[in-house]
Amino acid sequence: MTSIFKQISSFATVIFGVLLLTFLLIHLVPGDPVEVMLGESASTADRDMLRADLGLNQPVVTQFSRYLIKLAHGDFGQSIHTKTPIIEMLKTRYPATVKLALLSLLIGISIGIPLGIFAALKANHWQDIVVTLVSVRLSAMPAFWLGPMLMLIFAVWLGWLPVSGMESNTSIILPALTLGFGLSAILTRMTRTSLLEVLNDDYIRTARAKGLTEKTVILRHALRAALLPIITIVGLQMGSLLAGTVITETIFSWDGIGRLLVESIEKRDYPVTQACVLVVALSYVLVNFVTDVLYRMADPRVKFAG
Amino acid sequence: MRGLTLLKPTLLAIVLVICFSVANGSATSSEPTSHGREIIFAIGQMPLNLDPRYATDAASERVNRLIYQSLVDFDQHSRPTPSLASWLVLSNREFQFTLKAKRSAFNTPTKIRSTFLNARDVKATYDSFTNLADSPHAAEFSNIQEIVVLNDDTLIFKLKKDDANFPTKLLIGILPAALVEKNHDFSHHPVGSGSIQLLDWGNKLTLQRVKDGQRISLLEVKDPTVRVLKLLHGEVDLLQGELPSELIQHLESKSEITLKNSVGANFSYLGLNMQDPILQSLKVRQAIAHAIDRETIIAKVMTRQTRLASAILPPEHYTNHKSALPAYDYNPKRARRLLLEAGVQLPLKLVYKTSTDAQRVRLATIMQAQMAEAGIDLEIRSLDWGTFFADVKQGNFQLYGLTWVGIKTPEIYRKVFGSDSFPPHGFNRGRFSDASLDQLLVVENWPAVTKRIHAQLPYIPLWYEGQFAAMRNNIIHFTPKTDGNWDDLAKITYRKVH
């Protein structure tokens, strides 16, 4: 239990560090929120007045503590450009990213792990070579190419799916496939390698000698032992997916957190940028925590750090 | 066989995904509504703010022109013309506006009583700028001393300082006074008296035409290739501008698509830093102007009807009517000679800053190759928009490329080239200072101003990019406008094709 608390406190430290760094970095990059709001032709007096209104003339430490107090009250502020409360933006954007991430992960796991197992069982046969070739090709396809190709095939030629957007229930399929295919390629290769390492171990031979079915040997014994590196990869990929996949979200007009973050950086919408970075950092921390828990479930010998 | 058994989940997932998609069918064109079929317009950037007191981006201003009405508008030669009101110049500090007798009511939500626009609404709108500390337009109206309402139809604007061009600034959409007093959120729930009203703003922005209930939705699709695919697939009905030439050519070959072109008035240029020791030399600036083959660029990679530019305001502008200036011709030999005469050691190294926009980078690359022939070694630095624009405003550049959009009044010359307009007091980002030009600006001799700027080259003029719109064949009554506005959404029609 103590180790879990230690883990949580280390996560809190990470979050605080992220908040501090983001806050400081945003004050260092070129550009001024007051100028973004008032434009170039505002008078110095108007600028000074707005700066005072926003508290930007206060020392950085004061500004940061005020920011933390607001955050503690769930107040992320409002967008400089759209005047929309940021919490409202996050409420619509983040679930869209989570939805896309989960479906992509589902597709990646559903394709990647069985194909990896299949390749391992057929190691060095033609089937293994085909699977390896396909997975290498898939992992080499960038989203900005694969996305439009899938659009062309499934939307324009076959007419099965919408090209992009979020208007219909089926809109999520193409972006999820774009991300899921890439993920499945990585998982196929990782599962194959990992499984091959354990398939010749003594306990697998023992399991087979005991007369267990091949399915039980593979799924209950071999795969469980091979699962740790797979969980690591899935955790890392899930973290990236939850941070928003800017290219895929942009190509498919998917209003997720990644697109919001990049747009806010381009427009110098500082409060939105800060909020997005915080959400992304929290996602990574959460995924790391879940990954650690899954480690323990897969292998009870593993203990929480600390 | 055992491998095949293990592949079952994979096959199942693929089959499920395909079944799900086929069962749901394709989400193509929108469903008909009680007011006819919704028209979907794909745009590159969604409006940011529909409060006309805050809006600065092109998309917001284009939508606001439809939602609200302003006192003044411009004719085809960019002369100010009455829109909601005509005016009398009582002096250079007093302007009397009389609202037209026939005017619309505000398109208010059903729970709010609708009222006809009157002089008190105009006063409330412009008075509200004094209370808005964070409005980018507040500075424009800081010269207003008082607004006096004489009656429902008439009001007088009194200014602190003389400004003969004051009416040209009254382009802000008029808001209902009652809602201004209540600090209504016009940014997201606009209430105007224009031909169109906002219905809903979610993933798309849905507008409704007041006279016939026709629905028009604006859908943000950032990627140009995807915009084209959606148009071909029938998911959207219309798109305008912001496509590379190869995609336009592709659309031209499609029988189900209609393309319409018009000349444009948005001015693209190269900005020069006049505080740079090399660029202070007029001969160097002339050499750069002669080193760019604009005609070839226009022919090969620009939209149809793109025109060579020689000044910020286009030839049809009233200030240019009889004095259009010739563009600098492409002459790399002359450019090289001018550089040598300026005492520059060749190759002349220059840094050109631009955004990461693919078309901008492409144009920069072409100019880089052309300039090499003239002995100019152009280094391209493409930066994210925020960093690029911050650098431009701070004068942190040698050369940069940008476009002035929607410029109507010759006042722009003062703001861009006047010695007293260095940032933060104006847009003279290249820090150009010329006493002769300043004198001409004071007397507002616009033809002479244009000529002086053309000779001194603080900007290298490039072109006015042509406007175009691509639409499915059943869309009629939409034509692209010179400044790219969307005014035709007020009359666009979906025609049933049998």
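Since the structure is predicted, the reported quantities are computational estimates derived from the model, not experimental observations.

Basis of the calculations
Residues numbered from 1 in each chain as written. Chains lettered and ligands numbered in written order. Predicted model: local features only at pLDDT ≥ 70, side-chain atom pairs only at ≥ 80, totals over all residues. Helix = DSSP H or I, 4+ residues; strand = E, 2+ residues; numbered from the N terminus. Contact = placed C-beta atoms within 7 Å. Rg over C-alpha atoms; globule rule 2.2 N^0.38 Å. Buried ≥ 20, exposed ≤ 12 C-beta atoms within 10 Å, placed from the backbone. Domains from an automatic or database assignment. Nonpolar A, V, L, I, M, F, W, Y, C, P; charged D, E, K, R; others polar. pLDDT = per-residue confidence, 0-100. Axes fitted to C-alpha atoms, helices over the stretch in contact; angles between N-to-C directions. Parallel < 35°, antiparallel > 145°, perpendicular 65-115°, else oblique. Left-handed = near helix turned anticlockwise from the far one by under 90°. Pairing = 2+ DSSP bridges.

Enquirer: Whenever I open this one, the overall build of chain A confuses me. Can you help?
Expert: Each helix and strand counted, chain A has 13 helices and 0 strands in total. Tracing chain A from N to C terminus, the helices and strands come up as α-α-α-α-α-α-α-α-α-α-α-α-α. Its C-alpha atoms give chain A principal-axis dimensions of roughly 85 × 60 × 30 Å. Put simply, of all contacts in chain A between residues at least 6 apart along the chain, 72% involve residues at least 24 apart.

Enquirer: Which parts of the structure should I look at to understand the overall build of chain B?
Expert: Scanning chain B from N- to C-terminus turns up 15 helices and 23 strands. For chain B, whose C-alpha radius of gyration is 26 Å, the value lies close to the compact-globule estimate of 23 Å for 498 residues. Its C-alpha atoms give chain B principal-axis dimensions of roughly 80 × 75 × 40 Å. The proportion of buried residues among the 498 residues of chain B is 45%. Within chain B, contacts between residues at least 6 apart in sequence are counted, and of these 66% link residues at least 24 apart.

Enquirer: For this particular structure, what's the right way to read the domain arrangement of chain A?
Expert: A common measure of how large an interface is: the accessible area buried when the components associate. Residue and element names in this part refer to chain A. By domain assignment, chain A separates into domain 1 (2–72) and domain 2 (88–298). Distance from the C-alpha centre of domain 1 to the C-alpha centre of domain 2: 34 Å. Every contact between the two is made by 12 residues of domain 1 and, on the other side, 11 residues of domain 2. Put simply, the parts of the chain that give the side of domain 1 that touches domain 2 at least two residues each are α1 (2–28) and α2 (33–38). Of all the elements, α1 adds the most residues to the side of domain 1 that touches domain 2, at 9 residues. Residues belonging to the side of domain 1 that touches domain 2 are distributed by class as follows: 9 nonpolar, 3 polar and no charged.

Enquirer: Mind showing me how you'd approach the domain arrangement of chain B here?
Expert: Residues and elements named next belong to chain B. As assigned here, chain B comprises domain 1 (36–64 + 194–262 + 469–498), domain 2 (69–181) and domain 3 (267–464). Here the C-alpha centre of domain 3 lies 32 Å away from the C-alpha centre of domain 1. With 7 residues of domain 1 at the contact, the number on the domain 3 side is 9 residues. If you list the elements that add at least two residues to the side of domain 1 that touches domain 3, you get α7 (245–252) and β14 (257–262).

Enquirer: Would you explain the confidence of the model for chain B in this entry?
Expert: For residues with low pLDDT, the predicted coordinates do not support detailed interpretation. Residues and elements named next belong to chain B. For chain B, per-residue confidence averages 89 on the pLDDT scale, and residues scoring 70 or more make up 91% of the total. Scored below 50 in pLDDT, residues 21–29 shows 23 contacts in the model against residues more than four places distant or in partner chains. Across the interfaces of the predicted complex, the ipTM metric reaches 0.77, alongside a pTM of 0.83.

Enquirer: Would you explain the packing of helix α7 (residues 143–157) of chain A against helix α8 (residues 173–199) of chain A in this entry?
Expert: In helix packing, the relevant descriptors are the interaxial angle and the interaxial distance, both defined with respect to the helix axes. Residue and element names in this part refer to chain A. One way to put it is that α7 packs onto α8 with a least axis distance of 9 Å and a crossing angle of 135°. Put simply, α7 runs oblique to α8. Every pair of crossing elements has a handedness; the one defined by α7 and α8 is right-handed. Two secondary-structure elements touch here, α7 through A143, L146, G147, L150, M151 and F154 and α8 through L174, L177, T178 and F181. Within the contact of α7 with α8, the residues separate by chemical class into 8 nonpolar, 2 polar and no charged.

Enquirer: Is there a simple way to explain the interface of chain B and chain A in this structure?
Expert: Facing 49 residues of chain B, the contacting portion of chain A comprises 57 residues. For the side of chain B that touches chain A, the secondary structure elements donating two or more residues are α1 (2–6), α2 (8–24), β12 (215–220), α6 (224–233) and α12 (385–394) of chain B. At 7 residues, the largest contribution of residues to the side of chain B that touches chain A is made by α2(B). A per-class count over the side of chain B that touches chain A returns 23 nonpolar, 16 polar and 10 charged.

Enquirer: Looking at this structure, I do not really get the packing of helix α6 (residues 126–139) of chain A against α8(A). What am I missing?
Expert: Residue and element names in this part refer to chain A. Where α6 contacts α8, the two axes come as close as 8 Å, and the packing angle between them is 135°. The orientation of α6 with respect to α8, classified from their angle, is oblique. In the crossing of α6 with α8, the sense of the turn from one axis to the other is left-handed. Of α8, the residues touching α6 (which contributes V131, S135, L138 and S139) are F181, G182, S184, A185, I186, T188 and R189. The class makeup of the residues in the contact of α6 with α8 is 5 nonpolar, 5 polar and 1 charged.

Enquirer: Help me understand the pairing of strand β7 (residues 94–99) of chain B, please; the structure alone is not making it clear to me.
Expert: Consecutive residues of a regular strand have side chains that alternate between opposite faces of the sheet. Residues and elements named next belong to chain B. Side chains F95, F97 and L99 project from β7 onto a buried face, and the interleaved E94, Q96 and T98 project onto a face without burial. In the sheet, strand β6 (residues 85–91) pairs with β7 via 6 bridges, with the strands oriented antiparallel. Considered in β7, the bridge of A85 is made with L99. Where β7 and strand β9 (residues 154–159) come together, 5 bridges link them in antiparallel fashion. Bridge assignment links E94 to a residue of β9, and that residue is K158.

Enquirer: Mind showing me how you'd approach the environment of E379(B) here?
Expert: All names here are of chain B. For E379, the position within the fold is in strand β18 (residues 376–383). For the pair E379 and T365, spaced 14 residues apart in sequence, the C-alpha to C-alpha distance is 9.3 Å. Among all residues touching E379, those that are not within four sequence positions of it are K349, V351 and Y352.

Enquirer: I would appreciate a short explanation of the sheet that holds β7(B) in the present structure.
Expert: Hydrogen bonds between backbone groups are what pair the strands of a sheet, and the pairing can be parallel or antiparallel. Residues and elements named next belong to chain B. Taken together, the 4 strands give an open sheet; going across it, the order is β6-β7-β9-β8, and neighbouring strands pair in antiparallel fashion. Of all strands in the sheet, those bounded by a partner on one side alone are β6 and β8 (144–149). Looking at each pair of strands side by side, their axes are set apart by 20° on average, direction ignored. Contacts from helix α4 (residues 119–127) reach β7, β8 and β9 within the one sheet, and its direction differs from that of β8 by about 165°.

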